[in-house]
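# Examining the three-dimensional arrangement
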Amino acid sequence: MVALLSACAHDNANTGASNGAASTQPTISGPVPGSEADLVANVGDRVFYDLNKSGLRDDAKETLQKQADWLAKYPQVNVEVAGNCDDRGTEEYNIALGQRRANAARDYLVAKGVASSRISTISYGKDRPTALGDDEDAWAQNRNAITSVK
């Protein structure tokens, strides 16, 4: 009788070890596809501009092309493009410049096939710096348009 109980215990142990939930579930690593984190990690969420400019640089076009491709892959995703400026200039000037930057990024995405109804724009002017400091490195980082999932 001890042998029989031992055999049953042995069978249960094997069943539990071979069919455990942890061993059969796939492990997901990295950001969820189609999420904000996916956009940031695998595509890039921002493009940069030259001082007092809203025209797209070549590096910005490369990033926006990747964003357009990503948005084509996830047609259910809508985004907001936020235009930003460094802290020089008046509030009014920077709000207008930030809007031109956001519009330039949006217009590029639309030209690459993204429906304009999926993209909203906003300008924060100089109110949302991504880098602190009063030097060219900080200013260059703050002259951007940031795409975020909505």
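Preceding block: the structure.
These numbers come from a predicted model, not from an experiment. (Residues numbered from 1 in each chain as written. Predicted model: local features only at pLDDT ≥ 70, side-chain atom pairs only at ≥ 80, totals over all residues. Heavy atoms only, no water.)

### Concerning the pairing of strand β4 (residues 144–149)
The element β4 is extensively covered by neighbouring structure, given that 5 of its 6 residues are classed as buried. As judged from the 3 bridges shared by strand β1 (residues 46–48) and β4, these two strands associate in the antiparallel manner. Residue pairing in the sheet places R46 in a bridge with I146 of β4. Pairing between strand β2 (residues 79–84) and β4: 5 bridges, direction antiparallel. Within β4, the residue paired with E80 across the bridge is S148. (Buried < 20%, exposed > 50% of the residue type's maximum accessible area, 1.4 Å probe, protein only. Helix = DSSP H or I, 4+ residues; strand = E, 2+ residues; numbered from the N terminus. Pairing = 2+ DSSP bridges.)

### Side note on the pattern of salt bridges
Across all of its chains, the model carries 8 salt bridges by this definition. The salt bridge partner of D50 is R57, with a shortest N-O separation of 3.1 Å. Judged by relative accessible area, R57 falls into the partly exposed class, the value being 25%. Salt-bridge contacts for D59 lead to R57; the nearest nitrogen and oxygen are separated by 2.9 Å. Judged by relative accessible area, D59 falls into the partly exposed class, the value being 36%. (Salt bridge = Lys/Arg side-chain N within 4 Å of Asp/Glu carboxyl O.)

### Comments concerning empty space enclosed by the protein
Counted by the stated rule, this structure contains 1 cavity of 30 Å³ or more. Put simply, the largest cavity is a space of about 40 Å³. If you go around the largest cavity, the residues you meet are L51, N52, C85, D86, R88, Y93, N94, L97, R101 and R143. Looking at the lining of the largest cavity residue by residue, the class counts come to 4 nonpolar, 2 polar and 4 charged. (1 Å grid on protein atoms, 1.4 Å probe; cavity = no way out; pocket = protein on both sides within 12 Å on 5 of 7 lines; lining within 4 Å. Points joined across faces, edges and corners; volume = space filled by probe spheres on them. Nonpolar A, V, L, I, M, F, W, Y, C, P; charged D, E, K, R; others polar.)

### Brief notes about the sheet that holds strand β3 (residues 119–125)
Taken together, 4 strands build an open sheet; the order of strands is β1-β4-β2-β3 and the sheet is mixed. Looking at which strands have only one partner, the edges of the open sheet turn out to be β1 and β3. Averaged over all adjacent pairs, the angle separating strand axes in this sheet is 20°, with direction ignored. Taken strand by strand, helix α4 (residues 58–73) contacts β1, β2 and β4, and its axis lies near 160° from that of β1. This element, helix α5 (residues 91–111), spans β2, β3 and β4 of the sheet and lies at about 155° to β3. (Axes fitted to C-alpha atoms, helices over the stretch in contact; angles between N-to-C directions. Contact = heavy atoms within 4.5 Å.)

### Concerning the nonpolar core
Grouped together as the largest cluster of nonpolar side chains are 21 residues, with contacts concentrated most on W70, L71, V81 and L109. Beyond its immediate stretch of four places on either side in the chain, L71 contacts V77, V79, L109, V114 and R118. (Core = buried A, V, L, I, M, F, W, Y, C linked by side-chain atoms within 4.5 Å.)

### So, α5
Given 3.6 residues to a turn, an α-helix orients residues that are three or four positions apart in the same direction. Across its 21 residues, α5 extends 30 Å between first and last C-alpha, which sits within 8% of the 30 Å expected from 1.5 Å per residue. Residues of α5 that are buried make contact with α4, β2, β3 and β4. Downstream of α5 by a residue or two, G113 has a phi angle that is positive, lying close to 105°. (Expected span 1.5 Å × (residues − 1).)

Nothing here speaks to function; it is all geometry.
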